[in-house]
Each structure stands twice: as C-alpha cells, then as structure tokens.
Amino acid sequence: MKKIIPLVFVFSLIFSACTSEKYIHIKSYANDVVSESIIGAGVQWSAYPHADSDDAEWGHLMTQEKWNEVYKRLDYMRPNIIRVMDQASWRYFVGVKENDELITDFETQEVKSLYKVLDYCELHNITVVFGEWGAPGLWGVEGNIHRADDPRWIKMITEYLKHLIIDKKYTCLKYYNLVNEPDGYWASTDGDWDQWKRGVEMLTESLKENGLWDHIQVAGPDTVQGYENPKSKYLNGEAWLYESIEQLKDVITCYDVHSYPSGEIVRSGEFSNLYRPMVEATDPYGFPFILGELGLKYKGELGSKNKALGKADPYAGEDDSNMFVYDFFYGIDVTDALIQSFNVGIDGVIVWDLDDAMHTVGDRGEKSKLKRWGMWNILGTEICNNPDDENIRPWFYPWSLMTRYFPEGTSIIKTDETHAEGLRIVTGLKDNNVSIAIVNNSASDQKIEYAIEGPERRMTFKKYIYTDTLRPVDSNNFPVPVEEAISFFVTIPKKIDVPANSFILLTSFNY
C-alpha cells in the first residue's frame, strides 16, 4: 500500500535540506597539533637610517615624540618577532686608518638610535632577527669589504654583537642574518653560495669563540622563494634552503626564507602549497621555520594599477612600492597569507614592513623614492608635507589582531579544509585561551558551523570584524570588538556568518 506524504512535509524536508546545505561544517581538533609553540607574527622595523642622527640625509627627524607614537601603536599590536636589518656604515663602522686598520665606534648617535628599537624589544620580550643587509663595500664604503667571507667584516660584526649582548645586555637578539637575500643579484654576494656559506661558517665559529653562540645564532638562508639567479650554482631560493639543511646542519638554527607571492596565489589558497615541502624538510631538525619577509605583489590589471599609483605619487619609489597599503583589500590578502602560513606549520611570519619612513630605494635617502610598504609614514609631515600620511592604514587592523591574539607559545591545531572559495580558518590555543581567525577572500558571503573537537567547555569570546565598510576603532584608530561577550560551548557547532571580503577574529584572550 502506497503511503501518501503530505506536501507540507515534503516542502519542509526540502527547506530543511536547503537550509542545512547553506552552512559549511568545519572542525578544529584540539588533539591534532600542527605547531606546538609558534613564535608568532611580527614586522620588519629598522632604526630610520635616513632620519636617525644630525648627520643623516634628512637630519634628526625621529624625535622622541615620533618614537613615542610608534611605540604606542606597537603596544597595541604586540608583535612577537621583529627583524632589524642594518648596515655597518650606518651605525658603527666609521673609517679606515692609514695602515688599513678598520675603525669602529659603538657610541655613535646612530648606534644610540638603534637602542630605541632594541630597548622596546627587550622590554616586551620580542624575538629579534638581527643582521646586516650586506658587505659594507656594496655601499661604496672605504675598506674594500665586498665579501661575506671577509674576516674583517666577521670580526666587526662579532665585536658589535659583544657590545650589544654582553655590554648592553640585549637578550632579545636571538638570530642573525648575514646578508639579506644572498641569492639575489642585488645582494653583496650576488648569488654566490660558496662565499655566503663560508661567511656564515666563519661567523658561527667566531660567535662560539667569543661566548656569544648561547645568546645568538644564525638564521638562513634568507633567500627569496621562487627567485632564480643564473649566477647561482643552485636553482632558486628554495634550493638554497634545502642545501642549507644538508650542508649547514651545525650552523643554521632558524630556517628563513622570504615570500613575495602574487595576490592571485594567495587568494586561490595555493600559497600554503609553496611552503609545505619546505616545512616538511625542516621539521625533523626541531628548529623554527619562518618567513623573514612577507609582502604581496600583484600582476595583470592590479599590477599595472600599482605601478601607475606609484608613478603618480611624488614620494614613492615606483619600482619598489606597494601602493595598495592604502587600500582595504591588502589587509585581507596579507592576513590570508598569514593564516595559510600558520596552518601549514610555519612558526613565524615577519611582514614587510612597519613604516615608509624607514627605507628608500637603494637606501640613498632620496625623498622621492620612499619604499611605500608600511602601516604608516611617521614622517609624513616632515618629508611629504602630508600629516595624513602619518595615519594608521587599513591593513594594520587585521595584522595587529593576528599578532596580538596569536601570541608566542600558541599551539596551532589542525582545522578542516573548507573547500569553499577564499575561505580559510586557523585556530590557536594557549593558556586555556582560544583564538579563531577567519578570512573570506571571495566575493560571496559564507555561512559556517564551527566547532572544536576536544574537551567540552563554555568560553566567552570577543568578536572583531574587518570589512570595507565595518571595522570599528577607538580614538587611537585601534581595533575594537563588535561584540564583547559571546558565550558558547566550543564543542557544539556555532553558526558564524562570514561576509564577502572580510576578516573575523573570535578570541577569549582578555588583554
């Protein structure tokens, strides 16, 4: 006998099925740890070499008032790792005697300006990756030190580190980069692997001989992912990493590459696949793997637009600027890259960079060639006659939330892949607190049901949101929550609406 099902029941089933299908079911797993204890995210911060002293190209523009404003913004951000790259002739290498003996001075005004950065990092227990851009000869400095394996340069660096670590007691200095991006044609090494390898071996030996190895060790190779230098004996930046693992096991204790992917690679979700093999190769050695620089570049229409915007800006170095730091969407893209980094097992990510006022193209101090990559330009009034350029830019919003609420020591746990366009989620646990970061880098709204598989407990969260039209701030332009106290059991699926092109952070941390 056939049963007759009422139409209202059929419609009810269809409606229920459709409603259920709208939600994407996602879980994180408390007992499946991707990274046990991350370093976290941070920024590249230099000591303003064009504005740090009376003799600087722009004069001593970095007043204490300017420093205090930068400090206040960093106080909100709470960076976990900072990269401070410098140059011997900017700070302590002051000349050559007639007998070719090098003259160093660790009491210069420029060295004291560097203390402004290191004092802050020391006070806040921030891990510092320290180093020099390249051999001094690259800048035309007297002394003819052109090679990374010049024993005179290694000696200078060692004496400088002894001053900073032993005399000044900077315990924040943890890792050292000898030559920025040594695989590049722009580097003092120009892709010469053997020269760079000898240099880091010599530096390691010198650090050990002078009692510094327990304080600071070598990070490397600091190469550029995807870049190929035909002069190099190894194909690209990744190959330098694998050779560092193989040939420098007793030298490098923090693996480090740089990342400048296209926006398209990040938005597609393929960004993490670039780094998964590198993480897997470094994992057995127990040393951290970091992105020593992260910045996005764009191709096609956006690439052309960026170039045009740079050309139209009389203060931008159009060949090395990202003019989209002024635009909302850059915050979504760079945070998407950070979330993918954490989920693939990368321990630390340093974004390029904090402040336009730090660097110019070639670092010659030309005001018309600022590297526009920063979260602000703290000298906007002084060098651009534009006080508004000192304001915090949009991408500070999501990046500062990620640095603040995924602190050092956080465990990143496994999260289901969503398989939805542009949707990424990362979850971190620390000290009975949870942070859940969600980015939707697509033009479509998404609805998710999210839960953490693990011990049952009710938690109270703050919710932050970053969209083109909604990103609440306080009087300092620092993020504030859209909701202060959302309470739910984390083991029970929670419905979350994720607008198109948005970032959401739920956190139980109560700073």
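The shown structure was predicted, so the numbers you read here are calculated from the model rather than taken from an experiment. (Residues numbered from 1 in each chain as written. Predicted model: local features only at pLDDT ≥ 70, side-chain atom pairs only at ≥ 80, totals over all residues. Heavy atoms only, no water.)

*Asks:* Describe the overall build of the protein, listing the residues and the values that go with them.
*Replies:* In terms of helices and strands, the protein carries 13 helices and 19 strands. Within the protein, the proportion of its 511 residues that are buried is 59%. Taking all contacts inside the protein whose residues are at least 6 apart in sequence as the whole, residues at least 24 apart take part in 74%. Surface exposure of the protein reaches about 21200 Å², of which carbon and sulfur atoms provide 49%. Charged side chains in the protein number 51 positive and 78 negative. The centres of these two groups are separated by 5 Å. (Helix = DSSP H or I, 4+ residues; strand = E, 2+ residues; numbered from the N terminus. Buried < 20%, exposed > 50% of the residue type's maximum accessible area, 1.4 Å probe, protein only. Contact = heavy atoms within 4.5 Å. Areas by Shrake-Rupley, 256 points an atom, 1.4 Å probe, with all protein chains shown as cover. Lys, Arg positive; Asp, Glu negative; His and termini not counted. Charge placed at Lys NZ, Arg CZ, Asp CG, Glu CD.)

*Asks:* Requested: an account of the sheet that holds strand β10 (residues 289-294), with residues and values cited.
*Replies:* Ordered in space as β2-β3-β6-β7-β8-β9-β10-β11, the eight strands form a closed barrel in which the pairing is parallel. Across the sheet, the mean angle separating the axes of adjacent strands is 25° when strand polarity is ignored. Here β10 pairs with strand β11 (residues 348-351) via three bridges, running parallel. Of the residues in β11, the one forming a bridge with Leu291 is Val349. Its contacts with the sheet put helix α4 (residues 109-123) on β3 (81-86), β6 (127-132) and β7 (173-178), and the angle it makes with β3 is roughly 160°. Packing against the sheet, helix α5 (residues 151-167) makes contact with β6 and β7, and its axis sits at approximately 165° to β7. (Pairing = 2+ DSSP bridges. Axes fitted to C-alpha atoms, helices over the stretch in contact; angles between N-to-C directions.)

*Asks:* Give a detailed account of the pairing of β6, specifying residues and quantitative values.
*Replies:* For β6, a buried count of six out of six residues is recorded, marking the element as mostly surrounded by other parts of the structure. Residue alternation in β6 divides its side chains into two sets, Thr127, Val129 and Gly131 and Val128, Phe130 and Glu132, and both sets are buried. Strand direction decides the pairing type here: β3 and β6, joined by six bridges, are parallel. In the sheet register, Met85 faces β6, and the bridge partner there is Gly131. Sheet topology places β6 next to β7; five bridges connect them, and they run parallel. The residue of β7 that forms the bridge with Val128 is Leu173.

*Asks:* Can you explain α5? Please cite residues and give values.
*Replies:* Over its 17 residues, α5 extends 23 Å from the first C-alpha to the last, a length consistent with the 24 Å expected when each residue adds 1.5 Å. Looking at α5, one finds that the buried residues are Trp153, Ile154, Met156, Ile157, Thr158, Tyr160, Leu161, His163, Leu164 and Ile165. Two residues or fewer past α5, Lys169 is found with a positive phi of approximately 60°. (Expected span 1.5 Å × (residues − 1).)

*Asks:* Please set out the nonpolar core residue by residue, giving values where relevant.
*Replies:* Ranked by size, the top nonpolar core spans 130 residues in total, and within it Trp45 and Trp399 carry the most contacts. Of all hydrophobic cores here, the second largest spans 24 residues; its members include Ile413, Ile425, Val490 and Ile504. (Core = buried A, V, L, I, M, F, W, Y, C linked by side-chain atoms within 4.5 Å.)

*Asks:* Can you break down the pattern of salt bridges residue by residue, with the values?
*Replies:* This model, assessed by the stated rule, comprises 30 salt bridges. A salt bridge links Arg83 to Glu293, with the shortest nitrogen-to-oxygen separation between them at 2.8 Å. Taken together, the positions of Arg83 in strand β3 and Glu293 in strand β10 put the pair 210 residues apart, joining distant regions of the chain. Residue Arg83 is classed as buried on the basis of its relative accessible area, which comes to 0%. Accessibility expressed as a relative area gives 3% for Glu293, which makes it buried. Across the pair Asp190 and Lys231 runs a salt bridge, and its minimum N-O distance is 2.7 Å. In this pair, Asp190 is assigned in the loop between β7 and α6 (193-209) and Lys231 in the loop between β8 (217-224) and α7 (237-247), connecting sequence segments 41 residues apart. Looking at Lys231, the relative accessible area reads 61%, which means it is exposed. Sharing partners across several salt bridges, the network here consists of Asp313, Asp356, Arg372, Asp389 and Arg393. (Salt bridge = Lys/Arg side-chain N within 4 Å of Asp/Glu carboxyl O.)

Note that all results are geometric; they support no functional claim without further evidence.
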